[in-house]
Amino acid sequence: MKNLLQKFYKWVDERVEVKGLVEYMGKKYVPVHRNSIWYYFGGVSLFLFIIQVVTGILLLFYYKGSSDLAFESVKFIMSKVQFGWLVRSIHAWSANLFILSIFIHMFSVYFEKSYRYPREMTWVTGFIMFLLALFFGFSGYLLPWNELSFFATRVGSDIAGAVPIIGPPLKTFIRGGEDVTGATLSRLFGFHVALLPGIFTIILGIHLILIQRQGISEPLHMEKKKEKEKKKMPFFPNFMLRDLLLWLIVLNILAILAVYFPAELGHKADPFSSAPAGIKPEWYFLFMFQTLKYFPGHVLFIEGEVLGILLFGAAGLLWLLVPFWDRKSARGEHNRLINYLGIFAVMFIIILTILGWVS
Amino acid sequence: MEENPSSQGQTSRRGFLKYLLTGGLIGFAASIFYPLFSYLKPPKQTEVEVSSVLAGKITDFEPDKGKIIKFGSKPVILIRLKDKTFRAFEATCTHLACTVQFRSDLGVIWCACHNGKYDLNGRNISGPPPRPLTEYSVIQKGKEIYISKNA
């Protein structure tokens, strides 16, 4: 068996020269320090993305993307298809954990200032994937075509419509018309299963190539040490095996969540019924949703909601561009301001999410 | 003994761990692939077993014409001959399962996919079809035409 594999490797190597590439990848090291644990969340995010692709393809075998059939087909998956409930529940739970894992990954990179020179592009591609993940969540939420998802999509796209200038055409584009209808379902279905995965995969590829090319970022305090004093472990196989073990644990957590808290379906969407009480967006939109509630109707000459959206937009832009305005970290100096801003952002998100949850 | 454990004791411990790990791994793989393959198996749809269907009123069918009738989930071809009598056959070609049609110009049942021909008794007379078409019986009740399976 081993002999056969070696022969195959030699056969391939003779033709495309993978030896150099394998040697190159073997030289990847992971810095070892007190915050090393945060390195794992990029891998966990990747694993959850793979789970999403696999379970998503499985769901596509039975799902029907039209307003007449969507709800029935999901019901069919949940009740008739063997283990259909499991596949859908894993997809739903994995989506939530995916976004949570991305949040953790992003904030850990932020606090370690790993975005600093020369890794600005890695940060930017990561930020784009973060936005794509949010849109993945938004578009996937409508697909079961139940009451909750219908009204959540209505509210969500309406908020997008409040953005000045680009808002109204954006809203029409997302909805595929004036209102949330079957056309919206077809459109978001297309985004969710074709457009977004395509773009996401390309950007993920760039993100991973950059990491492979530049090596894993060392924290500031480690960078100044002599090469000999630095503790590190090889990526292959030491770090990867630890990675795999964690993936296994994550998979088990997913299975437990899916079995004990399976995804619900609710009632079929009816465009001519009233919105059910207690309607809320998914938890990762909750802090923004809740913040918008606190804005007064009008601030000076501008509508409160519009001002809120603009402020979130500005904050997002500032966040995206942090490698470019945080000059101190780029020079290798400590930047306290970044930490304070980060702590503020984390506290803000947590507190408003809780407020949104209990209200 | 403690300082120098017997090599046999070591191998059996190693072997035990090996079995444990391999077994665990196989069990784990099975717990993933069993649901996966079960999921891929299309669930049985409750299909009503049809033994006869109403094809339509006798006036719906012109002489020297054929029509495809839905018989449960299968197509059946109902032909009204020039002498105004009815014939019905399973419309699935015995060659590669295309749906056949009646050709009044040729006076045969013809399959467009590979130019298979059947005569008006359903016998395969030319082209690739290996077997004749199964005949169904046509029953007239008043002014209505029913198709039913030959028992």
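Going along each chain's sequence as written, the residues are numbered from 1 onward. Written order decides the labels, with chains lettered from A and ligands numbered from 1. With pLDDT at 70 or above as the cut-off, local features in this predicted model cover only qualifying residues; side-chain atom pairs require 80 or more to be listed or tallied, and sums for whole chains, interfaces and linings still use all residues.

Digging into the overall build of chain B
Going by this rule: Counting from the N terminus, the helices are DSSP H or I runs at least four residues long and the strands are E runs at least two residues long. Exposure classification rests on a simple neighbour count of other C-beta atoms within 10 Å of a residue's own: a residue reaching 20 or more is buried, one at 12 or fewer is exposed, and one in between is partly exposed. C-beta atoms are placed from the backbone. This entry defines residue contacts through backbone-placed C-beta atoms, with two residues in contact when those atoms are within 7 Å.
Helix and strand content of chain B: one helix and ten strands. Taken from N to C terminus, the helices and strands of chain B fall in the order α-β-β-β-β-β-β-β-β-β-β. When its C-alpha atoms are laid out on the principal axes, chain B stretches across 105 × 35 × 25 Å. For chain B, the residues scored as buried account for 18% of the 151 residues in total. Relative to all contacts within chain B whose residues are 6 or more apart in sequence, the contacts with residues 24 or more apart total 37%.

A few points about the sheet that holds strand 4 (residues 86–90) of chain B
All names here are of chain B. We apply this condition: At least two bridges found by DSSP between two strands are what make those strands a pair. Angular values range over 0 to 180 degrees, each being the angle between N-to-C directions of two axes fitted as lines to C-alpha atoms, with helices fitted over their stretch in contact.
In space, the six strands of this open sheet follow the order 1-10-9-4-3-2, with antiparallel pairing throughout. If you trace the sheet from one side to the other, it starts and ends with strand 1 (52–57) and strand 2 (65–71), each paired once. Each neighbouring strand pair of the sheet contributes to a mean axis angle of 30 degrees, computed without reference to strand direction. Pairing analysis gives six bridges linking strand 9 (residues 135–141) to strand 10 (residues 144–149), with the strands arranged antiparallel. Residue pairing in the sheet places Ile-139 in a bridge with Tyr-146 of strand 10.

Concerning the nonpolar core
Basically, it comes down to this: For our purposes the nonpolar core covers buried Ala, Val, Leu, Ile, Met, Phe, Trp, Tyr and Cys residues that link as a set through C-beta atoms within 7 Å.
In this structure, A:Ile90, A:Phe98 and A:Trp145 are the most contacted members of the largest nonpolar core, which totals 51 residues. Mapped by element, the contributors of at least two residues to this core are helix 3 (40–60), helix 4 (70–79), helix 5 (84–111), helix 6 (120–142), helix 7 (147–161), helix 9 (182–214) and helix 11 (235–260) of chain A. In terms of residues, this core owes the most to one element, helix 5 of chain A, which gives eleven residues. Not counting the four nearest positions on each side in its chain, A:Trp145 is found in contact with A:Ser67, A:Ala70, A:Phe71, A:Phe150, A:Leu185, A:Lys268 and A:Ala269. B:Phe71, B:Ile79, B:Cys111 and B:Leu133 belong to the second largest nonpolar core, which has 19 residues in total.

A few points about the domain arrangement of chain B
Interfaces are often sized by the accessible area lost when the parts come together. Here is the rule: Where each domain starts and ends follows an automatic or database-derived domain assignment.
On domain assignment, one finds that chain B holds domain 1 (1–43) and domain 2 (52–149). For domain 1 of chain B and domain 2 of chain B, the distance between their C-alpha centroids amounts to 60 Å.

Observations regarding helix 1 (residues 2–16) of chain A
All names here are of chain A. Threshold: The span expected for a helix works out to 1.5 Å for each residue beyond the first.
With 15 residues, helix 1 should cover 21 Å at 1.5 Å per step; its first-to-last C-alpha distance of 21 Å lies within 8% of that length. Taking burial as the measure, the 15 residues of helix 1 include zero buried ones, a minor fraction of the element. Directly after helix 1, the chain includes Glu-17, whose backbone phi takes a positive value near 50 degrees.

Digging into the interface of chain A and chain B
Definition in use: Note on residue categories: nonpolar means Ala, Val, Leu, Ile, Met, Phe, Trp, Tyr, Cys or Pro, charged means Asp, Glu, Lys or Arg, and polar means any other residue, Gly included.
Every contact between the two is made by eight residues of chain A and, on the other side, five residues of chain B. The leading source of residues in the side of chain A that touches chain B is helix 5 of chain A, at three residues. Counted by class, the side of chain A that touches chain B contains five nonpolar, two polar and one charged residues.

A closer look at the sheet that holds strand 6 (residues 108–111) of chain B
Residues and elements named next belong to chain B. Judged by pairing direction, the sheet is antiparallel, and its four strands sit side by side in the order 5-6-7-8 without closing on themselves. Edge strands, defined here as strands with exactly one partner in the open sheet, are strand 5 (101–103) and strand 8 (124–126). Direction aside, the axes of adjacent strands within the sheet are offset by 40 degrees on average. Examined bridge by bridge, strand 6 and strand 7 (residues 116–118) share three bridges and lie antiparallel to one another. Its bridge partner lying in strand 7, Cys-111 is registered against Gly-116.

Considering the pairing of strand 4 of chain B
Note on strand geometry: in a regular strand, side chains alternate between the two faces of the sheet. Residue and element names in this part refer to chain B. When strand 3 (residues 74–80) meets strand 4, the two strands line up antiparallel, connected through five bridges. Considered in strand 4, the bridge of Val-76 is made with Glu-90. Where strand 3 folds back onto strand 4 in an antiparallel hairpin, the turn is made up of five residues, including Lys-84, whose phi is positive at roughly 70 degrees. Pairing of strand 4 with strand 9 involves two bridges; the strand directions are antiparallel. From the neighbouring strand, Phe-89 faces strand 9, where its bridge partner is Glu-135.

Thoughts on the environment of A:Arg327
Turning to its location among the elements, A:Arg327 is positioned in helix 15 (residues 327–330). Judged by C-beta crowding, with 12 C-beta atoms within 10 Å, A:Arg327 ranks as exposed.

What about the pairing of strand 10 of chain B?
Residue and element names in this part refer to chain B. When strand 1 meets strand 10, the two strands line up antiparallel, connected through five bridges. Looking at strand 10, one finds that Lys-57 is bridged to Glu-144. Following strand 9, the chain reverses through two residues before pairing antiparallel with strand 10; Gly-142 in that reversal takes a positive phi of roughly 65 degrees.

Thoughts on unusual backbone geometry
All names here are of chain A. The amide bond that connects Tyr-117 to the next residue, Pro-118, takes the cis arrangement and shows omega of 5 degrees. Mapped onto the elements, Pro-118 comes out in the loop between helix 5 and helix 6. Cis peptide bonds are those with omega within 30 degrees of zero, and the linkage from Phe-236 to Pro-237 qualifies with -5 degrees. Along the chain, Pro-237 turns up in helix 11. You will see that Lys-113, though not glycine, has its phi angle at about 55 degrees, which is positive. Secondary-structure assignment places Lys-113 in the loop between helix 5 and helix 6. Although it is not a glycine, Leu-300 adopts a positive phi angle of roughly 55 degrees. Along the polypeptide, Leu-300 turns up in the loop between strand 3 (298–299) and strand 4 (302–303). The exposure class of Leu-300 is exposed, given the 5 C-beta atoms found within 10 Å.

Regarding the environment of A:Ile51
All names here are of chain A. Mapped onto the fold, Ile-51 is located in helix 3. By C-beta crowding, Ile-51 is classed as buried, having 21 other C-beta atoms within 10 Å. C-alpha separation for the pair Ile-51 and Glu-223, spaced 172 residues apart in sequence, amounts to 35 Å. Excluding its chain neighbours within four sequence positions, the residues that come into contact with Ile-51 are Ile-90 and Ser-94.

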